[in-house]
Amino acid sequence: MVFPFDLSSIVRKDLDKLVAYDAHLYSDVVKLDANENPYPFPAEVAQRLGELIADEMLSRYPDGEAVALRRDIAAYVGVSPEQLMVGNGSDELILNILLTFGTGGRVLITNPTFSMYRIHCLVAGAKPIPVPRREDFSLDVPALLCYARKPDSRVLFICSPNNPTGNASTLEEIESVLQAVNCLVVVDQAYLEFGGQDCLPLLQRYPHLVILRTFSKAYALAGLRVGYMIGNPDVLRQIKKVKQPFNLNSFSQAAARLVLQHREVFAQQIQDIIESRNKLWQELQGMAGVTPYPSVTNYILFRTNYESKTVYQGLLDKGILIRKLGGPELPGFLRVSVGTPEQNQRFIQALSAVLAELGGE
Ligand SMILES: *Cc1c(COP(=O)(O)O)cnc(C)c1O
C-alpha cells in the first residue's frame, strides 16, 4: 500500500505564482539569446585555467571569503575588499539581497526589466511591485518615489543599462532616487563594460546603494557563475548571514582572477562587440517593418509587426535562437544578442527571410 501523501498540503502556497525557470538548451543553433560573449574563449587563458586544476582545488572546500578574488576585484574596481561580496553569479546575490531585506516586504521593480528580480522576490517571500518605465524605457522617477514612500518598501531594483531594453539611466536620475528614498537601492550594472554610466562615484555618499556586476557577459565566464556586489560594509555584513558559506567554488574563483589578469584580451573583444552592435542596429533600422531601440549594451531590443513568438519560431526553424519577449508590456518585441560578425549576418539574413515569408502569406 502506498502511504497517502498530499504534496499540496506541504508546498508553500505563495509558490503558486511562480513557474519554474525554463533554461532549455538547444544544440546546433546560433545562440543569440543570453547576451553571452560570442567569441571563442581565449586559448591562452583557457590553457592557464586548465593548469590550475590541482589536488587541493578539488578536495578542499573553497575559500568562503574569496579573499584573493575580492582583493583582485577591489584593485580592478577601485574599492576596498570590505565593500565586496562575490556570488555564484549575480543571480545568487539578487536572491541573497532579497532574503536579507525583502522577505515579508515590498520590492520595487522598474518594468520591463530582468526577470530574476521578480522570480527571486517570490522565492524569498517578498512582494514584487512593478513600476512601469516610460514609453522610451527611461525611469519614471516620480512614480518610483511615490511607490517607494509606501510602508514596508524595502528594496528597489534599477537595472542600468537595462535588460532587455538596452538603455541606461543617468547618474542624475539614480541620484535623485537615492536622495528621496530610504530603502536599499540596487543598481544592476551587468552590462556596464559595454556602456552606461558607472554608479561607483555615488557609493561614498549613499550607504543604501548596492551595485551588482558580473563576469558572465563581457568577461565570458557565464558557465562558471561569478558575480559581485559592491556596497556599504554594514549592508554586506547583514547579507553575509544568508549567504551559503562556500557559495563560489575554487575553480570559478581562480578563473575570475585569471580573466582580470588578461583584461586586455577582453577589452579588445568588448570594442569589437560594440562596433558590431552599431552595425547590427543600422541593419535592423534599414529593414522594412523592423524597429530597433537604442542600445548601449551587447544586445538589441526590436519590434516587428508580427507576434513575438511567430518571428522567434521562424528564426529558430532556421537555426537562430534569440529571446522572445512579448506579453502586454512588450507586444511584438524580441531581443537579439550581438554575436560574431558572421553570426550577425546569419541572423539578419534569417530575419529577412522570416519577415518575407510572413508578409507573403
Ligand atoms: C545576465 C544578467 C545577470 C546575471 O548574471 P550572472 O552573474 O550570470 O548571474 C544579472 N543581471 C542582469 C541584468 C543580467 O542581464
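Residues numbered from 1 in each chain as written. Predicted model: local features only at pLDDT ≥ 70, side-chain atom pairs only at ≥ 80, totals over all residues. Heavy atoms only, no water.

Identification of the protein chain as Histidinol-phosphate aminotransferase from Desulforamulus aeronauticus DSM 10349 is taken from an unreviewed UniProt entry. Its UniProt record gives the protein chain the following Sequence similarities (unreviewed entry) comment, quoted word for word: "Belongs to the class-II pyridoxal-phosphate-dependent aminotransferase family. Histidinol-phosphate aminotransferase subfamily." On record in UniProt, under Pathway (unreviewed entry), the comment for the protein chain is "Amino-acid biosynthesis; L-histidine biosynthesis; L-histidine from 5-phospho-alpha-D-ribose 1-diphosphate: step 7/9." (UniProt positions renumbered as here; feature names shortened; annotations may be inferred.)

One pass over the structure, following the stated rule, counts 13 aromatic pairs. Residues F215 and Y219 carry aromatic rings whose centres are separated by 5.9 Å and whose planes lie at 45 degrees to one another, so their mutual orientation is tilted. Each member of the pair, F215 as well as Y219, is classed as buried. In this structure an aromatic cluster arises from ring pairing among F41, Y76, F215, Y219, Y228 and F266. Positioned above the aromatic ring of Y147, the side-chain terminus of K150 is 4.9 Å from the ring centre. The ring of Y312 has K324 lying over it, and the distance from NZ or CZ to the ring centre is 4.7 Å. (Phe/Tyr/Trp six-rings, centres within 6.5 Å; stacked < 30°, edge-to-face > 60°. Buried < 20%, exposed > 50% of the residue type's maximum accessible area, 1.4 Å probe, protein only. Lys NZ or Arg CZ within 6 Å of the ring centre and 35° of its normal.)

Quick look at the packing of helix α10 (residues 263-285) against helix α12 (residues 341-359) now. Helix-helix packing is characterised by the crossing angle of the two axes and by the distance between the axes. Where α10 meets α12, the axes come as close as 11 Å, and the angle between the chain directions of the two elements is 10 degrees. In this view, α10 runs roughly parallel relative to α12, as classed from their interaxial angle. Note on packing geometry: the crossing formed by α10 with α12 is right-handed. For the pair α10 and α12, contact is made by S276, K279, L280, E283 and L284 and by P341, N344, Q345, F347, I348 and L351, respectively. Tallied by class, residues from the contact of α10 with α12 come to six nonpolar, three polar and two charged. (Axes fitted to C-alpha atoms, helices over the stretch in contact; angles between N-to-C directions. Helix = DSSP H or I, 4+ residues; strand = E, 2+ residues; numbered from the N terminus. Parallel < 35°, antiparallel > 145°, perpendicular 65-115°, else oblique. Left-handed = near helix turned anticlockwise from the far one by under 90°. Contact = heavy atoms within 4.5 Å. Nonpolar A, V, L, I, M, F, W, Y, C, P; charged D, E, K, R; others polar.)

This paragraph deals with the domain arrangement of the protein chain. Annotation of the protein chain at the domain level lists domain 1 (7-40 + 264-359) and domain 2 (43-262). Taking only C-alpha atoms into account, the centre of domain 1 sits 23 Å from that of domain 2. Contact with domain 1, which involves 30 residues of that partner, is made by 32 residues of domain 2. Interface area, domain 1 with domain 2, both sides summed: about 2400 Å², of which 65% is carbon and sulfur. Along the contact surface separating domain 1 from domain 2 lie zero salt bridges. Linking domain 1 with domain 2 are 14 residue pairs in polar contact (both at pLDDT 80 or more), by the criterion used here. Sorting the residues of the side of domain 1 that touches domain 2 by element identifies α10, β10 (299-304) and β13 (330-337) as the ones contributing at least two each. In terms of residue count, the dominant contributor to the side of domain 1 that touches domain 2 is α10 (seven residues). Split by residue class, the side of domain 1 that touches domain 2 holds 17 nonpolar, five polar and eight charged. (Domains from an automatic or database assignment. Buried area = accessible area lost by both parts, 1.4 Å probe. Salt bridge = Lys/Arg side-chain N within 4 Å of Asp/Glu carboxyl O. Polar contact = N/O pair within 3.5 Å; in protein donor to acceptor, adjacent residues only side chain to side chain.)

All right, on to the environment of L156 then. Within the secondary structure, L156 sits in strand β5 (residues 153-159). When its relative accessible area of 0% is taken as the criterion, L156 is described as buried. Along the primary structure L156 and E307 are separated by 151 residues, whereas in three dimensions their C-alpha atoms are 31 Å apart. When neighbours within four sequence positions are excluded, L156 is seen to be in contact with L108, L144, A148, V177, V181, C183, L184, V185 and V186.

For H262, the position within the fold is in the loop between α9 (250-261) and α10. Excluding residues that lie within four positions of it along the chain, H262 makes contacts with E44, V45 and R48.

A word on the pattern of salt bridges. Per the stated rule, a full pass over the model turns up 16 salt bridges. D234 is the salt-bridge partner of R237, the closest N and O atoms lying 2.7 Å from each other. Of this pair, R237 and D234 are both found in helix α8 (residues 233-240), three residues apart, which corresponds to roughly one turn of the helix. A salt bridge links K279 to E283, with the nearest nitrogen and oxygen atoms 3.8 Å apart. Of the two residues, K279 and E283 both sit in helix α10, four residues apart, roughly one turn of that helix. Accessibility expressed as a relative area gives 26% for E283, which makes it partly exposed.

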